[in-house]
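# Overview (structure and organization)
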Amino acid sequence: MPPPVALLALSTASPPNILRQDEVAAAARDLLQDRFPGFDRMAPVFSTAGILTRQSAVPIDWFMQPRNWPERTEAYLAVAVDLFAQAAQAALDEAGLTAAEVDAVVTVSSTGIATPSLEARAMERMGFRPDAARVPVFGLGCAGGTTGLALAGKLARATPGAVVLLVVVELCTLSFRMDALSKADIVATALFGDGAAACVLRTGEGFARIAGTAEHTWPDTLNIMGWRVGETGFGVIFDRAIPPFARKQLRPAMEAMLATQEMGLDDVDRFLCHPGGVKVIDALEGALSLETGTLDHERAVLAEHGNMSAPTVLFVLERARRAGLPPTSVLTALGPGFTASTVTLDAS
């Protein structure tokens, strides 16, 4: 058997623009009340979302004017590359490694289009070797942090001793649009923030080891979550209510995923979940038979950063690491597909 893959380091990064939830609610009312007839009925979502602050790629004034694809892409490329470099360098520093020692870079991002991809744009700045393998991944949405970690772990396991760098960057706020508004767009305006996270993986010792990975995609669920492409940018798709779906469907899927690792729910000391929103967290606790309030790291990350899509679950993992990881934890997230993704971690 090949040696286990370990997480050597984990870092997070946030853009500098702070969005207070009360300020966002007031700005949203000014911008959207006359454009969306049902805004008053949707407005309470800003106060019930469980969010106090978020971080944004651009200041709030940027959103006051209509933006087109080129403007959104320009902002995405500028900020995403900076966050990529910030998160990646912090993780490498913690691991005691240089960028020249990285053998493969897995980059996860679904909130902007970049070709060449982000790791290529950061390559010279970071000092990656010319022969470093590049693995850009698009389309995973909120599941990207977990699925990306699983993919990075498989690459590290396939080449014992190789250093694999995972970088997850999402700039969800750039998708805000004032045209073609729907209820889902209002909810997204109340939920989404921006952020990045990076992990360094290699076979051997680290603060946690990957003990297993699994995914489950439900049939006929393409319309639950995703992007719709419009003339001026991405538009969010939330066509079916995610909390009741998770409450009903996650437990049997989780039991099946754990069974592939000869585990059951009772073998897990701590679930570390992507906090899609307060109602999603409540649904996860119900589905997994957890006492209300168990997912405290998730609620704290949501309150401080909002839903950043893919990197959010890695923010939760970092918070749990600071508190002390239990012997066995399961990182899990739900994303477009509709898919549940898991990574089982054994603490060193």
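Residues numbered from 1 in each chain as written. Predicted model: local features only at pLDDT ≥ 70, side-chain atom pairs only at ≥ 80, totals over all residues. Heavy atoms only, no water.

Labelled according to an unreviewed UniProt entry, the chain appears under the name Type III polyketide synthase, originating from Brevundimonas naejangsanensis.

## Quick notes on the pattern of salt bridges
Under the convention used in this document: By definition, a salt bridge exists where a carboxyl oxygen of Asp or Glu is found within 4 Å of a side-chain nitrogen of Lys or Arg.
Under the defined criterion, the tally for this structure stands at 17 salt bridges. Asp131 is the partner of Arg129 in a salt bridge, and the nearest nitrogen-oxygen pair spans 2.7 Å. Overlapping salt bridges, with partners in common, bring together Glu94, Glu318, Arg321 and Arg322 in one network.

## Re unusual backbone geometry
Note the cut-off: Helix and strand definitions here come from DSSP, where helices need a minimum of 4 consecutive H or I residues and strands a minimum of 2 consecutive E residues; each element is numbered from the N-terminal end.
The linkage connecting Thr115 with the following residue, Pro116, adopts the cis geometry, with an omega of 5°. One can find Pro116 in the loop between β4 (104-108) and α5 (118-126). For Asp220, which is not a glycine, the phi torsion comes out positive at approximately 55°. Tracing the chain through its elements places Asp220 in the loop between β8 (208-217) and β9 (226-229). One non-glycine residue, Ser309, adopts positive backbone phi at about 65°. You can see Ser309 is positioned in the loop between α10 (296-305) and α11 (312-323).

## Topic: α11
Working note: α-helix, 3.6 residues per turn, so residues spaced by three or four point in the same direction. Defined as follows: To estimate how far a helix should extend, the number of its residues minus one is multiplied by 1.5 Å. Working definition: with a 1.4 Å probe on protein chains only, accessible area under 20% of the residue-type maximum means buried, over 50% means exposed, and in between means partly exposed.
The end-to-end C-alpha distance of α11 is 17 Å, a good match for the 16 Å that 12 residues give at a rise of 1.5 Å each. Regarding α11, the residues found buried are Thr312, Val313, Leu314, Phe315, Val316, Leu317, Glu318 and Ala320.

## Thoughts on the packing of aromatic side chains
Stated formally: In this analysis, rings of Phe, Tyr and Trp, with Trp reduced to its six-membered ring, are considered paired at centre separations within 6.5 Å, and the interplanar angle assigns stacked below 30 degrees, edge-to-face beyond 60, and tilted for intermediate values. Any Lys NZ or Arg CZ found within 6 Å of a ring centre and within 35 degrees of that ring's normal is scored as a charge over the ring.
Counted by the stated rule, this structure contains 9 aromatic pairs. Both rings, one in Trp218 and one in Phe245, keep their centres 5.1 Å apart while their planes meet at 85°; by these two values the pair is edge-to-face. With Trp218 in the loop between β8 and β9 and Phe245 in helix α8 (residues 242-259), the pair connects residues that are 27 residues apart, well separated along the chain. Three or more aromatic residues joined by ring pairs form one cluster here, namely Trp62, Phe63 and Phe176. Sitting above the plane of the Phe207 ring, Arg321 keeps its charged end 4.3 Å from the centroid.

## Looking at the side chain of Thr146
Heads up, the rule is: It only takes one pair of heavy atoms within 4.5 Å for two residues to be counted as in contact.
The residue Thr146 is located in helix α6 (residues 144-158) in this model. Not counting residues within four places of it along the chain, the set of residues in contact with Thr146 comprises Val313, Leu331, Thr332, Ala333, Ser341, Thr342 and Val343.

## Quick look at the packing of α8 against helix α9 (residues 278-287)
Note the following rule: Angles shown run from 0 to 180 degrees and are taken between the N-to-C directions of axes, each axis being a line fitted to C-alpha atoms and, for helices, limited to the stretch in contact. Orientation is classified from the angle alone, with under 35 degrees giving roughly parallel, over 145 giving roughly antiparallel, 65 to 115 giving roughly perpendicular, and any other angle giving oblique. If you view the pair so one helix is near and one far, a crossing is left-handed when the near helix is turned anticlockwise from the far one by less than a right angle, and right-handed when it is turned clockwise.
The contact between α8 and α9 brings their axes to 8 Å, and the two run at 20°. Considering the angle they form, α8 stands roughly parallel to α9. Remark: the crossing between α8 and α9 carries right-handed chirality. Contacts between α8 and α9 involve Ile242, Pro243, Ala246, Arg247, Leu250 and Arg251 on the former and, on the latter, Lys279, Val280, Asp282, Ala283, Leu284, Gly286 and Ala287.

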